[in-house]
Amino acid sequence: MTTPDSPDAPAPSDFIRDIVAADLASGACQRVVTRFPPEPNGYLHIGHAKSICLNFGIAKEFGGVCHLRMDDTNPAKEDVEYVDSIIADVRWLIADWADDVLRFKEDAEPFYASDYFGQLYAYALTLIHEGKAYVCDLTAEQTDEYRGAPDRPGRPSPFRDRSVEENLHLFHEMRAGAFPDGARTLRARIDPHHPNVWLRDPVLYRIRHTAHHHTGDAWCIYPMYDYAHCLSDSIERITHSVCTLEFEVHRPLYNWLLESLPVPSPRPHQHEFARLSLSYTLMSKRKLLALVSEGLVAGWDDPRMPTISGLRRRGVTAAALRHFALHIGITKYNGLTEVGVLEHAIREDLNTRAQRRLGVLRPLKVVITNLPDGHTETVPAANHPLDPALGTRAVPFSRELYIEQDDFAEVPPPKFFRLKPCGEVRLKYAYIIKCDEVVKNADGTIAELRCTADLDSKTGGATSSRKIKGTIHWVSAAHALAAEVRLYDRLFTEAEPEAEGRDFRTCLNPHSLEVLTAQLEPALVTARPEERFQLERLAYLALDPTSTPERPVFNRVITLKDTWAKEAAKS
RNA sequence: UGCCUUAUGGUGUAACGGUAGCACAAACGACUCUGAAUCGUUUUGUCUAGGUUCAAAUCCUAGUAAGGCAGCCA
């Protein structure tokens, strides 16, 4: 690897970092503590990566820490499988960048909101004592009905004025398992008529006789997000609780709870930013789950998925993802980021990181007729044009070669400067060849090209400096390593797969995966999983985890930019 | 006829009352043993209408448009 991880550049300022800086300057907080609080009900995706980079980045830049916390208050949806994948993804993303500010509990476990159930229960008792919460017997449907709608005021629950004693008694009974699921709830007593629906006596606890992945059978009542989240933040002494825009209308509730309870001071504050939307990409956990469960992709880590595990398997590095996250900025504007920005970040990272190799995706046989049968030699090839210190390797060259089908045209289009009948082209690191004859099969397809080489034109040779417009890649047929290469492309054909009420299933890209057997230079046999390679003139490759020495499998991370394809498309 | 939020080139962002800048994309050119990379040049922008001010993308008012909010999900 050439220039390894250049240190991640400092993030440009944004409105949240401005708030943090101001709070530190004013003494509103001494040391910044942020948190990344995923619910373990799915795999993390690139939108989460934005949030991770923000929260860990703030902690790092301001000398604080960031907690990884499972926001696990709904046992019906959560699972340890997700907990494990989340931990792995976060560790991978921040490795060698912010692992020094990642805070776990003492036992190297993440924080869990469910660890606070006891304390949350005690806080609920306090609320009841102060007349700020009550047990409500309304069914879910009735609760909806009483709550009204955004443009329609609510009505008070008939149970809103129960005595403190009765509420205490009923809440104890709820906790003891005296009632079936859904029979009762604990609700905050705020204002049934409030213009913000989240303040119309929101539900704090519901009854669920369901085992929890982390607390087992200890509880049959579970706190709601709004109740658990602000108090978990407080318990962990979070200073800045950063979340996405849809929680904006919940902030008054977040504040109400913290101001209604005897929590330590200073208390945490919530700040919201716009979630990431990427063109040609679906981002919601539900939709990603649908892709997986309907078999539209091969799994959560399918290299076409925008999940962190999918991007990792595809061959995208953590540094590239971080660089992307840094570049897109943090605002309150709900925009659509072009996927090209991600692709640029990936190429920029791989360009410095990946050693160069030769390989042919769609082989076309070439015979060098002025070389004797069985002729074999090796030519030196640079491992990295940007870093000569990486040296060269010996690439076998022989009389029979493969070149790329796209690099020959019997009837060349305008501005085509690759190989054509009677035309010359340079074989990278080797000779200049001239195409003398096109041999065809019975069906008219091209069987092979017969060419002559200018034997003095090798690097350093007498005619090596001849100006030849085209240079193409090649591989020696006898020495080539046959390997499976998986060509990935965008999953959708529409920039906004769900625009105008469209079902995303109707715009799946049928060519999002193409598997072919490529002929690669033999040096690629020793490829290791953490390595990345550039197939010169084609693409960046990474070894797939399913690869074996007997059956090498490479994933195309991304193509090189292809100006010629654009030019060719014009005509 | 509710509440909250947002609006700067094609896209994403910066400018904190004083020169509208950056990145991606696009176009053109140089260089090139990768039609890559690199380098250079260029195109395109403050939602609308009023107001305050010597001066407004920025402050005020009104409008328009977009997003979010009516789970015992998070």
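Here, every reference points to the structure presented above.
Bear in mind that the values here come from a model prediction, so they are computed numbers and not experimental data.

The rules we used
- Residues numbered from 1 in each chain as written.
- Chains lettered and ligands numbered in written order.
- Predicted model: local features only at pLDDT ≥ 70, side-chain atom pairs only at ≥ 80, totals over all residues.
- Heavy atoms only, no water.
- Near = heavy atom within 4 Å.
- Polar contact = N/O pair within 3.5 Å; in protein donor to acceptor, adjacent residues only side chain to side chain.
- Nonpolar A, V, L, I, M, F, W, Y, C, P; charged D, E, K, R; others polar.
- Helix = DSSP H or I, 4+ residues; strand = E, 2+ residues; numbered from the N terminus.
- Expected span 1.5 Å × (residues − 1).
- Buried < 20%, exposed > 50% of the residue type's maximum accessible area, 1.4 Å probe, protein only.
- Pairing = 2+ DSSP bridges.
- Contact = heavy atoms within 4.5 Å.
- Axes fitted to C-alpha atoms, helices over the stretch in contact; angles between N-to-C directions.

Caption draft 1: A look at the protein's contact with RNA strand B. Surveying the vicinity of RNA strand B reveals 70 residues, the closest of which are Leu-138, Arg-356, Thr-459, Arg-537 and Thr-563. Sugar and phosphate atoms form 66% of the subset of RNA strand B atoms that lie within 4 Å of the protein. Interatomic distance of 2.3 Å between a side-chain N/O atom of Thr-459 and a base nitrogen of RNA strand B. Here the surface near RNA strand B is composed, by residue class, of 24 nonpolar, 20 polar and 26 charged.

Caption draft 2: Quick peek at the side chain of Gln-355. With respect to the helices and strands, the residue Gln-355 is situated in strand S11 (residues 355-357). Only 3.1 Å separates the side chain of Gln-355 from the side chain of Arg-357, close enough to count as a polar contact.

Caption draft 3: Structural detail: unusual backbone geometry. Across the junction of Ser-265 and Pro-266, the peptide omega takes the value 0°, indicating a cis bond. In this structure, Pro-266 sits in the loop between helix H8 (251-260) and strand S10 (269-273). The residue Arg-237 is not glycine, and still its phi comes out positive at about 55°. By the secondary structure assignment, Arg-237 is in the loop between helix H7 (225-235) and strand S9 (240-244). Phi at Glu-500 is positive, roughly 55°, even though this residue is not glycine.

Caption draft 4: Quick look at helix H3 (residues 80-94). For H3, built from 15 residues, the straight-helix expectation of 21 Å at 1.5 Å per residue is met to within 8% by its first-to-last C-alpha distance of 21 Å. Regarding H3, the residues found buried are Tyr-82, Val-83, Ser-85, Ile-86, Ile-87, Asp-89, Val-90, Leu-93 and Ile-94. Asp-96 sits one or two positions beyond H3 and adopts a positive phi of about 60°.

Caption draft 5: Layout of the sheet that holds strand S23 (residues 513-520). The seven strands are arranged S11-S24-S25-S26-S22-S23-S12 in an open sheet whose pairing can be described as mixed. What marks the edges here is a single partner per strand, and that holds for S11 and strand S12 (359-360). With eight bridges joining them, strand S22 (residues 481-488) and S23 adopt antiparallel strand pairing. Looking at the pairing, Leu-487 lines up with Glu-514 of S23. Sheet strands in contact with helix H12 (residues 339-353) are S11, strand S24 (532-535), strand S25 (539-543) and strand S26 (553-559), and its direction is about 120° off that of S26.

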